[in-house]
Amino acid sequence: MNSVTFTQELVGVQDELLRFAYKLTADPEEANDLLQETSLKALDNEEKYEPQTNFKGWIYTIMRNIFINNYRRIIREQTFIDVTDNHYHLNLPHDTTFESTERAYDLKAMHRIVNALPKEYRIPFSMHIAGFKYREIAEKMGLPLGTVKSRIFFTRQRLQRELKDFR
């Protein structure tokens, strides 16, 4: 394809490209900028276009890629990364004996409740708390996955009911 034919093709799809750009940006000024950037990119890369291929598809791909790259650049520029140290521990009270006692009592109450459960509920819950995944618990106990999930759910519900006074 010679340069004149390429330019004619490019001029011929300008209206369609502008509509597509407006669909992408939803802003007339940004759509015009995108159209202009796409046209310039197409003219700069004219030698990369292979004749007897879909010109519209080629030019639409250029526009879509420019839009995506611009969008990613804007998001990257707007992303704020906090590199400061976390100093939130500085404001904690140094005397936490009451909190630690309260937490110990909660743990004792939790252990008492869990240990009072039947073995078929206590073991899956203890394994889950220890870090096992539902599927691993099911395999080790030879139970269906749903049964393991429901037993752990039941144990959580019971703990919430019996420990509601500690909240």
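Preceding this section is the structure that the text describes.
Residues numbered from 1 in each chain as written. Predicted model: local features only at pLDDT ≥ 70, side-chain atom pairs only at ≥ 80, totals over all residues. Heavy atoms only, no water.

Draft legend 1. Broad picture of the overall build of the protein. When its secondary structure is counted, the protein shows 8 helices and 0 strands. Tracing the protein from N to C terminus, the helices and strands come up as α-α-α-α-α-α-α-α. Across the 167 residues that make up the protein, the buried fraction comes to 22%. Sequence separation of at least 24 residues holds for 59% of the intrachain contacts in the protein that already meet a minimum separation of 6. Carbon and sulfur atoms make up 53% of the accessible area of the protein, which totals about 12800 Å². (Helix = DSSP H or I, 4+ residues; strand = E, 2+ residues; numbered from the N terminus. Buried < 20%, exposed > 50% of the residue type's maximum accessible area, 1.4 Å probe, protein only. Contact = heavy atoms within 4.5 Å. Areas by Shrake-Rupley, 256 points an atom, 1.4 Å probe, with all protein chains shown as cover.)

Draft legend 2. Unusual backbone geometry, seen in detail. The phi dihedral of A26 is positive, around 60°, even though this residue is not glycine. Mapped onto the secondary structure, A26 falls in the loop between helix 2 (14-25) and helix 3 (28-44). Of the residues examined, A26 reaches a relative accessible area of 57% and is grouped as exposed. A positive phi is found at Q52, a non-glycine position, where the angle reads about 65°. Relative to the helices and strands, Q52 resides in the loop between helix 3 and helix 4 (55-78).

Draft legend 3. Geometry of the pattern of salt bridges. Inspection of the entire model under this criterion finds 3 salt bridges. Taking the shortest distance from any N to any O, the salt bridge between K56 and E16 comes out at 3.1 Å. Taken as a pair, K56 in helix 4 and E16 in helix 2 lie far apart in primary sequence, 40 residues in all. When the shortest N-O distance is used, the salt bridge between R73 and E77 registers 3.7 Å. Of this pair, R73 and E77 both sit in helix 4, 4 residues apart, roughly one helical turn. In this structure E77 comes out as exposed when scored by relative accessible area, which is 59%. (Salt bridge = Lys/Arg side-chain N within 4 Å of Asp/Glu carboxyl O.)

Draft legend 4. Representation of a negative patch on the surface. There is a patch of like negative charges on the surface, built from E29, E30, D33 and E37. Mapped onto the fold, E29 is located in helix 3. (Patch = residues over 30% accessible without salt bridge, like charges linked within 9 Å, V, L, I, M, F, W, Y side chains within 5 Å. Lys, Arg positive; Asp, Glu negative; His and termini not counted. Charge placed at Lys NZ, Arg CZ, Asp CG, Glu CD.)

Draft legend 5. Representation of the side chain of S39. Looking at where S39 falls in the secondary structure, it is placed in helix 3. The buried category is assigned to S39, whose relative accessible area is 11%.

Draft legend 6. Fine view of helix 2. Taking 1.5 Å per residue as the helical rise, helix 2 with its 12 residues ought to reach 16 Å, and the 16 Å between its terminal C-alpha atoms agrees with that figure. Tucked into the core, helix 2 has its buried residues touching helix 1 (3-12), helix 3 and helix 4. Just past helix 2, the residue A26 takes up positive phi, approximately 60°. (Expected span 1.5 Å × (residues − 1).)

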